[in-house]
Amino acid sequence: MSDSASEPPLVVVSDLHVRYGKTDAVRKLSFTIGRGEIFGFIGPNGAGKTSTIKVLATLLKPSLGTATVGGVDVAQHPEIVRRKIGYMPDFFGVYEDLTASEYLHFFAAAYHIPTGQRPGLIRDVLALTDLTEKHDAPVDGLSRGMKQRLSLARVLLHDPELLLLDEPASGLDPRARIEMRELLKELQSMGKTIIVSSHILHELAQFCSHIGIIEAGRMVANGSLRDIYRALSLRRIIHLQLANSSPELLTAMRALPEVAEVEEQPDRLAVQLHEDQSTPEDFLAALHTLGARVRMFQPDAMDMETAFMKLTEGKVA
Ligand SMILES: Nc1ncnc2c1ncn2[C@@H]1O[C@H](COP(=O)(O)OP(=O)(O)OP(=O)(O)O)[C@@H](O)[C@H]1O
């Protein structure tokens with residue numbers, strides 16, 4: 001994975017405005033995405049996520065402002081940008097009678113991948129998306145989770161740098177959601193940069209390196225999870241069970257600079273951290289130093305819901 005600190009961002013969106021007739025779907029939106037990041041694009045229905053993603057996918061022209069991928073302007077050189085991106089829309093078309101493998105062959109041809117390379121490539125993307133056994137199955141008979149994975153396999157065929165995934169987990173059951181999340185992590189470890197949208201905050205908070213929260217066409221918060229916590233002065237809660245809990249250990253824990261409060265609950269401790277002074281990982285390391293034997297350590301991701309409510313209060317698209 002590349003180091004985003006030393007390189008220019010892969011995606012730069014500046015003052016982007018998208019208008020449909022009289023509707024302003026996206027208003028003065030600016031953000032950047034570094035190489036190798038997973039950028040979670042979060043907002044309620046109608047916030048402007050799909051419109052922004054479609055601009056990056058070269059399917060929609062900005063009304064105002066610019067967007068570049070790898071330094072190339074999406075509106076001026078869409079054909080160059082298309083080679084760099086893989087776009088997965090929030091719907092899956094109907095492909096009557098095609099098998100999974102035929103579906104991929106069809107798109108490999110559309111991407112002008114040389115005929116000789118196609119069988120090996122298709123084998124690889126089917127394996128990566130765990131669909132090898134389904135290569136001969138009709139696409140229309142696949143489960144929603146499998147269709148989503150097949151859709152992802154398709155956008156990987158031409159080995160794009162940037163994946164634009166519009167609500168890839170929508171409509172999936174919990175197991176399929178976890179499989180999708182694991183797949184995205186694997187793609188990140190292969191060096192891909194990923195934009196993934198969702199209207200469910202905690203679905204993305206767990207694995208995205210960066211988050212952009214969009215509401216009524218405007219970015220209301222943007223940065224690492226830590227930045228967002230800090231900007232909102234939120235405290236993160238860690239649920240904790242210790243095998244060797246004692247009054248002395250609790251006193252030592254309360255004295256740690258990163259700990260705001262320790263609440264003793266019947267079966268656990270609820271520890272509030274000052275998010276700007278420590279990460280959960282730092283706190284866990286500090287616990288070990290104190291000699292604590294940790295049985296359960298569960299950072300509470302749900303608090304991001306509070307952040308979302310706080311940020312978007314009263315702003316309706
Ligand atoms: N083709 C269109 N013509 C007119 N208005 C549109 C069009 N596409 C989107 N809109 C409007 O633009 C706004 C933003 O829509 P967009 O689809 O970008 O949001 P979204 O965040 O992706 O929402 P969702 O999660 O529902 O897909 C909405 O008010 C929507 O009704």
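Residues numbered from 1 in each chain as written. Predicted model: local features only at pLDDT ≥ 70, side-chain atom pairs only at ≥ 80, totals over all residues.

In this section: the site of the ligand. Close contacts around the ligand come from 14 residues, with Tyr-20, Ala-25, Asn-45, Thr-50 and Ser-51 the closest. Taken together, the elements giving at least two residues each to the shell around the ligand come down to strand E2 (23-33) and helix H1 (49-56). For the shell around the ligand, the element with the most residues is H1, which contributes 3 residues. Split into classes, the residues belonging to the shell around the ligand amount to 4 nonpolar, 8 polar and 2 charged. (Near = placed C-beta within 6 Å. Helix = DSSP H or I, 4+ residues; strand = E, 2+ residues; numbered from the N terminus. Nonpolar A, V, L, I, M, F, W, Y, C, P; charged D, E, K, R; others polar.)

Domain assignment breaks the chain into domain 1 (11-229) and domain 2 (234-312). Summarising the inter-unit geometry, the C-alpha centres of domain 1 and domain 2 are found 35 Å apart. (Domains from an automatic or database assignment.)

On to the sheet that holds strand E6 (residues 85-88). Read across the sheet, 6 strands follow the order E6-E7-E8-E3-E9-E10 without closing on themselves; strand pairing throughout is mixed. Strands with a single pairing partner mark the edges of an open sheet, and in this sheet they are E6 and strand E10 (218-224). Ignoring strand direction, the axes of neighbouring strands in this sheet form an average angle of 15°. Examined bridge by bridge, strand E3 (residues 38-42) and strand E9 (residues 210-215) share 4 bridges and lie parallel to one another. Paired with Phe-41 across the two strands is Gly-212, which belongs to E9. Contacts between helix H5 (residues 144-156) and the sheet are confined to E6 and strand E7 (162-165), with E6 contributing the most and set at about 160° to the helix. (Pairing = 2+ DSSP bridges. Axes fitted to C-alpha atoms, helices over the stretch in contact; angles between N-to-C directions. Contact = placed C-beta atoms within 7 Å.)

Glancing now at the packing of H5 against helix H6 (residues 174-189). Across the interface, H5 lies against H6 with an axial gap of 9 Å and an inter-helix angle of 15°. Taken as axis vectors, H5 and H6 run roughly parallel relative to one another. The crossing of H5 and H6 is right-handed. Two secondary-structure elements touch here, H5 through Arg-144, Gly-145, Gln-148, Arg-149 and Leu-152 and H6 through Ala-176, Glu-179, Met-180 and Leu-183. Within the contact of H5 with H6, the residues separate by chemical class into 4 nonpolar, 2 polar and 3 charged. (Parallel < 35°, antiparallel > 145°, perpendicular 65-115°, else oblique. Left-handed = near helix turned anticlockwise from the far one by under 90°.)

Looking now at helix H4 (residues 118-128). Listed as buried for H4 are Leu-121, Ile-122, Val-125 and Leu-126. Around the axis of H4, the buried residues are gathered within 130° of arc, so they sit on the same side. Looking at H4, the residues exposed on the side facing more than 90 degrees away from the buried face are Gly-120 and Ala-127. Along its buried surface, H4 packs onto helix H3 (100-110) and H5. Directly beyond the C-terminal end of H4, a positive phi value near 60° is found at Asp-130. (Buried ≥ 20, exposed ≤ 12 C-beta atoms within 10 Å, placed from the backbone. Arc of directions from axis to C-beta.)

What follows concerns the environment of Ala-260. By the secondary structure assignment, Ala-260 is in strand E12 (residues 259-265). Taking the C-alpha atoms as reference points, Ala-260 and Asp-130, separated by 130 residues in sequence, lie 44 Å from one another.

Here the focus is the pairing of E12. Within E12, only 0 of the 7 residues are buried, leaving the element largely exposed. Summarising the sheet, E12 and strand E13 (residues 268-274) pair through 6 bridges and their orientation is antiparallel. Counterpart to Gln-265 in the pairing with E13 is Arg-268. Hairpin connection between E12 and E13: a loop of 2 residues separates the two successive antiparallel strands.

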